[in-house]
Amino acid sequence: DDNRYENGVVPTLQFWLLNDEHWGPCLITANNEMGLSATDVQSICNVNSSSKKNREKDAIGHKGIGWKSVFSVTDCPYVLSG
């Protein structure tokens, strides 16, 4: 709901389940959005921060809790953007 795409780009989302000999089992997700803004990065790094404040009608989520839930299944998530 809050991804940004270049004009004319059809949004795509891909998932890979891997069992890498170095990393072990992992889930990789990728999409073709424009990438995270500086505000987005600050928001996912702070449990009480959200770039979606005052956007109840066009955004889902609350205070980054959805993203931060990844820490219940991994100690070291990676985010690649841009």
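To keep things clear, this report deals only with the structure shown in the data block. Only a predicted model underlies this, so the values are computations on that prediction, with no experimental measurement involved.

The subject of this paragraph is the overall build of the protein. Tallying secondary structure elements over the protein gives 2 helices and 2 strands in all. For the protein, the succession of helices and strands along the chain, N to C, is β-β-α-α. A sequence separation of at least 24 residues applies to 36% of the contacts in the protein between residues at least 6 apart.

Right, let's talk about the pattern of salt bridges for a bit. Enumeration over the complete set of coordinates arrives at 1 salt bridge. Of the charged contacts in the structure, one is a salt bridge between Arg4 and Asp40, with a shortest N-O distance of 3.4 Å. Placement of the pair is Arg4 in the segment before β1 (13–20) and Asp40 in helix α1 (residues 38–44), with a sequence separation of 36 residues. Owing to a relative accessible area of 14%, Asp40 belongs among the buried residues under this scheme.

Further remarks concern the pairing of strand β2 (residues 24–31). As judged from the 8 bridges shared by β1 and β2, these two strands associate in the antiparallel manner. Paired with Leu18 across the strands is Cys26, a residue of β2. Hairpin connection, β1 to β2: the antiparallel pair is bridged by 3 residues.

Our focus in this paragraph is the environment of Glu6. Its location among the elements puts Glu6 in the segment before β1. Along the primary structure Glu6 and Met34 are separated by 28 residues, whereas in three dimensions their C-alpha atoms are 6.7 Å apart.

Further remarks concern a nonpolar patch on the surface. A surface patch of nonpolar side chains, about 500 Å² in accessible area, is lined by Leu13, Phe15, Leu17 and Leu27. The dominant element in the nonpolar patch, judged by the number of residues it contributes, is β1, at 3 residues. Inspection of the secondary structure puts Leu13 in strand β1. On the basis of relative accessibility, which here comes to 53%, the residue Leu13 falls in the exposed class.

Quick notes on the rules
Residues numbered from 1 in each chain as written. Predicted model: local features only at pLDDT ≥ 70, side-chain atom pairs only at ≥ 80, totals over all residues. Heavy atoms only, no water. Helix = DSSP H or I, 4+ residues; strand = E, 2+ residues; numbered from the N terminus. Contact = heavy atoms within 4.5 Å. Salt bridge = Lys/Arg side-chain N within 4 Å of Asp/Glu carboxyl O. Buried < 20%, exposed > 50% of the residue type's maximum accessible area, 1.4 Å probe, protein only. Pairing = 2+ DSSP bridges. Patch = residues over 30% accessible without salt bridge, like charges linked within 9 Å, V, L, I, M, F, W, Y side chains within 5 Å. Areas by Shrake-Rupley, 256 points an atom, 1.4 Å probe, with all protein chains shown as cover.

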